[in-house]
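# Examining the three-dimensional arrangement
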Amino acid sequence: MNIYRAHVLICGGTGCTSSSSDKIQNEFELKIKEKGLDKEVKVVRTGCFGLCEAGPIVIVYPEGAFYSHVKVEDVEEIVEEHLLKGRIVKRLLYKDAVEEDTIKSINEVGFYKKQKRIALRNCGVINPEDINEYIAFDGYMALGKVLTEMTPEEVIQVVKDSGLRGRGGGGFPTGLKWEFTAKAQGDQKYVLCNADEGDPGAFMDRSILEGDPHSVLEAMAIAGYAIGANQGYIYVRVEYPIAVQRLEIAIKQAREKGLLGKNIFGTGFDFDIEVRLGAGAFVCGEETALIASIEGQRGMPRNKPPYPANKGLWGKPTLINNVETYANIPQIILKGAEWFRSIGTEKSPGTKVFALGGKINNTGLVEIPMGTTLREVIYEIGGGIPNGKKFKAVQTGGPSGGCIPADLIDTPIEFDTLTELGSMMGSGGMIVMDEDTCMVDIARFFLDFTVEESCGKCPPCRIGTKRMLEILEKITSGKGEPGDIEKLEKLANTIKSASLCGLGQTAPNPVLSTLKYFRHEYEAHVNEKRCPAGSCKSLLSYHIQEDLCKGCTVCAKVCPVGAISGERKSPHVIDQDKCIKCGACLEKCPFNAIVKK
Amino acid sequence: MEFKFNWEENKDKIEELKKVIEENKGKKGALMPVLHEAQRIFGYLPIEVQRMISEGLNIPLAEIYGVATFYSQFSLIPKGKYQIGVCLGTACYVKGAQAIIDKIKEELKLEVGGTTKDRKFSLQATRCIGACGLAPVMTINEDVYGRLKADEIPAILKKYME
Amino acid sequence: MKSLEELKKIKEETLKKVDLRKQKEGTRIVVGMATCGISAGARPVLMALLEEVKNRNLSDVIVTQTGCIGVCRLEPIVEVYRPGEEKVTYVEMTPEKAKRIIAEHIVNGKVVTEYTIGAYEK
């Protein structure tokens, strides 16, 4: 066996792969070989490190040196300087990793310091395509413990005691779900993994599948033992090719090692897993729709009860949890319910992964203990709002969630607090908005998504969301009339109470929450035909300030429709009839003489 | 638009599909995996393919059609190897995007939303892609062409014809 | 997989390979590996250190490299950082000396005074 003195970890998540981290890997392997270091330095492709904004990311151990925005051309320098001569290439280190000339390792960087990684524990640490590395970090130990030392009842008790709640959105106690399915009568039972992560802006499940697929397989086998099932299915989006591929590899390796299949650990327990692909329908994230899709039907939800625990896949008792929920299970089994409860809050123990995006400096994936405040996430981990803009609101829960305004930023993040505020945890999207974001337009954006993705089975959702979208479009285009806001509210409340499934029941949340906290913005649109954030195109116009305009003609040249005219060296004017409000002039004006109002 | 399914040319693909159907027959919930495979093999799901699946898996054609139209990943018409998108946002429209579209239609004998007979090109009119400064704009797969004039179109398309 | 023991065996074997990536609080042994160090023979010293650490299963010890430590005439140089102790600098190292340092200093906590820079200066 070679003894490696250094490991070069390259992010192989989807984000970094699309900025050619595979080429960087090849270059590293090539250069390391050229320098004759291939017996001393190991190159490993891992899952997502989380700080996607800084990608492609390379980490060199044992120092834990955290290189960001690495380009293929930079590889030679890292090999030559760092790996050969032992001098860390400061120029390429992540900006927060250098402070007063001392170099911080990855765990000390602000972005990671406040995080607590349970579900993401192996992402960016192990090679997801090597089952041995997973085993080295305690992989399959929990399954071994469960099969050799515990009864199914004891397993369920531990999960119940841990207080783990479903990470896919609803926050239903996981242990109870397991208990219901275990107690349900049936000759055959199934374990399903919901990996149909559809919220625009949420990608933690993808990262777990790409970075640590075995943690999900192990947890599903544990669940199978607990509820008495020997077959599992993972329903994963076809839009996640890397995740699908790594899952297939992981399942194959687990079968070869006998960690899936017949007579696992010689205990007589059989369990196997199959991957099933989604086909681009958001509603399939709803559990009964997902089941219908696996069965080969249109992915439409049905009435509950009966719940899947009693009547699920092919009418058999079925346990269905999401990816992040499963990823917590092996750690809970190994470290105990007490340990898990010691993290997070009383009603929401443990951690939650959030996909931080929008108007924020550190876009990426963060795992934090429940109870962390929004302020800590946005400012201490997220690094605040770019360009000195003012923080306005944060949207959580995707199309099912809502907007939380700036004055509630000290709210601790928990299932129940977010729901009380009219938003929800959802699958963990967290979109930050600044003063330039129009809240009516955001509501319109999410409704547009829901209308597109409504399966059409029940009228409140199919027709109602469409009507809401029409009103929102009317308001944002400056044609709002008195009474529109009230109509919106009425529709929203009806859809919420009358829809068949979670998609319809939560679809009005983006509207209701923005109406609750930003009603004045709606009113400004309707009554004054004004967009306070300066975002709704139809409601604003561009003007050149005479005193600031030097007559340089840049704006006139850049205007795509020839709406700007004026003599050289004298103030220009914009013809409001011709202007299409594309904003090109405002961006280009060297004197900041153009304003939109 | 019409795409005649060529049985002769698709012989190998049909064989491949038959194998897939055979492998999945009797498996529970076989329809979705088979549709995914068929989409991969043929690039789309023409009614002939759906009928073969219907017969092979013993599932009514109506049900298969229902599933195939429900999911956005499945397409009933073939997409071109090169997918042309012409921006019809306001800026592009004012700057003559319609003339660009007309020229492409004329050059390729193609309608908006359609695919050429040789399945090399398909044409789409898109919403604003946010490159107003470059108007009018056209994309071909990942390539972006800006400040276009209609008479430049033939030369650009020629690059993709080989 | 027929037993838990089998799994544990895989774990032990692979752990050695990935141990490097765990954050450790323990001892750090740093080898000066700039051009001067390498030409003076730092690489065999580094390999000897790595091998000893592995053979003795010293999981709490990191062996790493750094650039020029500054006293090129005394290369190869090895520095040992132990929590709560002053840094110890060993000079004119050889693979043999490296093994003794692991045995006496790292394992038993006794500095090998005769190899240190202090001893040399006298």
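All values reported here derive from a predicted model rather than from experimental measurement. (Residues numbered from 1 in each chain as written. Chains lettered and ligands numbered in written order. Predicted model: local features only at pLDDT ≥ 70, side-chain atom pairs only at ≥ 80, totals over all residues.)

## Quick notes on the overall build of chain B
- Check the secondary structure of chain B and you find seven helices and four strands.
- Written out in order from the N terminus, the α and β elements of chain B read α-α-α-α-β-α-α-β-β-β-α.
- Taken against the 2.2 N^0.38 rule, which gives 15 Å for 162 residues, the C-alpha radius of gyration of chain B at 19 Å runs more than 25% over that of a compact globule.
- The dimensions of chain B, computed from C-alpha atoms along their principal axes, are 55 × 30 × 25 Å.
- Here chain B holds 162 residues, and the buried ones make up 28% of them.
- In chain B, once contacts between residues fewer than 6 apart in sequence are set aside, the share between residues at least 24 apart is 62%. (Helix = DSSP H or I, 4+ residues; strand = E, 2+ residues; numbered from the N terminus. Rg over C-alpha atoms; globule rule 2.2 N^0.38 Å. Buried ≥ 20, exposed ≤ 12 C-beta atoms within 10 Å, placed from the backbone. Contact = placed C-beta atoms within 7 Å.)

## Quick word on the overall build of chain C
- Assigned secondary structure in chain C consists of five helices and four strands.
- Sequence-ordered secondary structure for chain C, helices as α and strands as β, is α-β-α-α-β-β-β-α-α.
- Once the C-alpha set of chain C is aligned to its principal axes, its extents read approximately 60 × 30 × 25 Å.
- Partitioning the contacts of chain C with sequence separation of at least 6, the portion at a separation of at least 24 is 65%.

## Quick word on the domain arrangement of chain B
- By the assigned domains, chain B splits into domain 1 (11–70) and domain 2 (82–161).
- Here domain 1 of chain B and domain 2 of chain B have C-alpha centroids that lie 34 Å from each other. (Domains from an automatic or database assignment.)

## A few points about the UniProt feature "binding site: [2Fe-2S] cluster" (unreviewed entry) in chain B
All names here are of chain B.
- Mapped onto this numbering, the UniProt entry gives "binding site: [2Fe-2S] cluster" (unreviewed entry) at Cys87, Cys92, Cys128 and Cys132. A maximum C-alpha distance of 9.4 Å places the annotated residues, which cover 46 residues in sequence, within one compact spot.
- On the secondary structure map, Cys87 appears in strand 1 (residues 82–87).
- The exposure class assigned to Cys87 is buried, which follows from the 28 C-beta atoms found within 10 Å.
- In this structure Cys87 touches Cys92, Ala97, Thr126, Cys128, Ile129, Pro136 and Val137, once residues within four positions along its chain are discounted.
- In this structure, Cys128 sits in the loop between strand 2 (121–126) and strand 3 (138–140).
- What makes Cys128 partly exposed here is the crowd of 18 C-beta atoms within 10 Å. (UniProt positions renumbered as here; feature names shortened; annotations may be inferred.)

## Things to note about the interface of chain A and chain C
- Counting from both sides, the interface comprises 28 residues of chain A and, opposite them, 25 residues of chain C.
- Contributing elements (two or more residues each) for the side of chain A that touches chain C: helix 5 (131–136) and helix 6 (141–149) of chain A.
- The biggest single contributor to the side of chain A that touches chain C is helix 5 of chain A, with four residues.
- When its residues are assigned to classes, the side of chain A that touches chain C shows 13 nonpolar, nine polar and six charged. (Nonpolar A, V, L, I, M, F, W, Y, C, P; charged D, E, K, R; others polar.)

## A few points about the confidence of the model for chain C
- This prediction gives chain C a mean pLDDT of 83; 92% of its residues lie at or above 70.
- Among the scores for the predicted complex, ipTM is 0.84 and pTM is 0.85. (pLDDT = per-residue confidence, 0-100.)

## Comments concerning the sheet that holds strand 16 (residues 429–434) of chain A
All names here are of chain A.
- The five strands are arranged 13-12-16-14-15 in an open sheet whose pairing can be described as mixed. Here the strands that pair on one side only, and so sit at the sheet edges, are strand 13 (364–369) and strand 15 (402–405). Neighbouring strand axes in the sheet, compared pairwise and without regard to direction, differ in orientation by 30 degrees on average.
- Of the strand pairs in this sheet, strand 12 (residues 351–358) and strand 16 are connected by four bridges, and their pairing is parallel. Within strand 16, the residue paired with Gly357 across the bridge is Ile431. (Pairing = 2+ DSSP bridges. Axes fitted to C-alpha atoms, helices over the stretch in contact; angles between N-to-C directions.)

## Quick look at the pairing of strand 2 (residues 41–46) of chain A
Residue and element names in this part refer to chain A.
- Burial runs high along strand 2: six of the six residues are buried.
- Burial along strand 2 is two-sided: the face carrying Val41, Val43 and Arg45 and the face carrying Lys42, Val44 and Thr46 are both buried.
- Where strand 1 (residues 6–11) and strand 2 come together, six bridges link them in parallel fashion. Bridged to Ala6 within strand 2 is Val41.

## Describing the packing of helix 18 (residues 459–476) of chain A against helix 19 (residues 484–498) of chain A
Residue and element names in this part refer to chain A.
- Following both chains from N to C, one finds helix 18 and helix 19 inclined at 160 degrees, their axes separated by 10 Å at the closest point. Here helix 19 runs roughly antiparallel to helix 18, going by the angle between their axes. The two elements helix 18 and helix 19 cross, and the hand of that crossing is left-handed. Across from Pro460, Cys461, Gly464, Thr465, Arg467, Met468, Ile471, Lys474 and Ile475 in helix 18, the residues of helix 19 making contact are Asp484, Lys487, Leu488, Leu491, Ala492, Thr494, Ile495 and Ala498. (Parallel < 35°, antiparallel > 145°, perpendicular 65-115°, else oblique. Left-handed = near helix turned anticlockwise from the far one by under 90°.)

## Notes on the environment of Tyr67(A)
Residue and element names in this part refer to chain A.
- Mapping Tyr67 onto the fold places it in strand 4 (residues 65–67).
- The spatial distance from the C-alpha of Tyr67 to the C-alpha of Pro56 is 8.5 Å, given a sequence separation of eleven residues.
- Residues contacting Tyr67, with those up to four places away along its chain left out, are Ile57, Val58, Ile78, Leu92 and Leu93.

## Looking at the arrangement of the chains
- If you rank the two pairs of chains in contact by how many contacts each has, first place goes to chains A and C.
- You won't find any contact between chain B and chain C; their C-alpha atoms come no closer than 28 Å.

## Notes on the pairing of strand 3 (residues 58–61) of chain A
Residues and elements named next belong to chain A.
- Of the two faces of strand 3, the one lined by Val58 and Val60 and the one lined by Ile59 and Tyr61 are each fully buried.
- Examined bridge by bridge, strand 3 and strand 4 share three bridges and lie antiparallel to one another. From the neighbouring strand, Val58 faces strand 4, where its bridge partner is Tyr67.
- Where strand 3 folds back onto strand 4 in an antiparallel hairpin, the turn is made up of three residues, including Gly64, whose phi is positive at roughly 70 degrees.

## Remarks on helix 3 (residues 47–57) of chain B
Residues and elements named next belong to chain B.
- Looking at helix 3, one finds that the buried residues are Val49, Gln50 and Ile53. Buried residues in helix 3, looked at end-on, bunch into an arc of 100 degrees, giving them a common side.
- Lining the buried residues of helix 3 we find helix 1 (11–24), helix 2 (31–42) and helix 4 (61–70).
- Just downstream of helix 3 lies Asn58, where phi reads positive at about 60 degrees. (Arc of directions from axis to C-beta.)

## Quick notes on unusual backbone geometry
- Each neighbour pair has its own omega, and for Tyr61(A) with Pro62(A) the value is 15 degrees, a cis peptide bond.
- Tracing the backbone shows Pro62(A) in the loop between strand 3 and strand 4.
- Following Glu75(C), the chain continues to Pro76(C) via a peptide bond in cis, the omega torsion being -10 degrees.
- Mapped onto the secondary structure, Pro76(C) falls in the loop between strand 2 (61–66) and strand 3 (78–81).
- With phi around 70 degrees, Asp138(A) is a residue other than glycine that occupies positive phi space.
- Tracing the backbone shows Asp138(A) in the loop between helix 5 and helix 6.
- Positive phi outside glycine occurs at Arg119(B), with the angle close to 60 degrees.
- One can find Arg119(B) in the loop between helix 6 (97–108) and strand 2.

## Some details on the sheet that holds strand 11 (residues 318–322) of chain A
Residues and elements named next belong to chain A.
- Pairing within the open sheet is mixed, and its five strands lie in the order 9-10-8-7-11. Because the sheet does not close on itself, it has two edges, and the strands there are strand 9 (261–264) and strand 11. The mean angle between the axes of side-by-side strands here comes to 25 degrees, regardless of whether they run parallel or antiparallel.
- Bridge count for strand 7 (residues 190–195) against strand 8 (residues 231–236) is six bridges, and the pairing is parallel. Its bridge partner being in strand 8, Asn194 is matched across the sheet by Tyr235.
- Those strands touched by helix 12 (residues 287–294) are strand 7, strand 8, strand 10 (269–277) and strand 11, and its axis lies near 105 degrees from that of strand 8.

## Comments concerning the packing of helix 1 of chain B against helix 2 of chain B
All names here are of chain B.
- Contact pair helix 1 / helix 2: the axes reach a minimum separation of 10 Å and the direction vectors enclose 165 degrees. Here helix 2 runs roughly antiparallel to helix 1, going by the angle between their axes. As for how helix 1 packs across helix 2, the hand of that crossing is right-handed. Of the residues in helix 2, those touching helix 1 at Lys13, Glu16, Leu17, Val20, Ile21 and Asn24 are Pro33, Val34, Glu37, Ala38, Ile41 and Phe42.
- In terms of residue class, the contact of helix 1 with helix 2 is made up of eight nonpolar, one polar and three charged.

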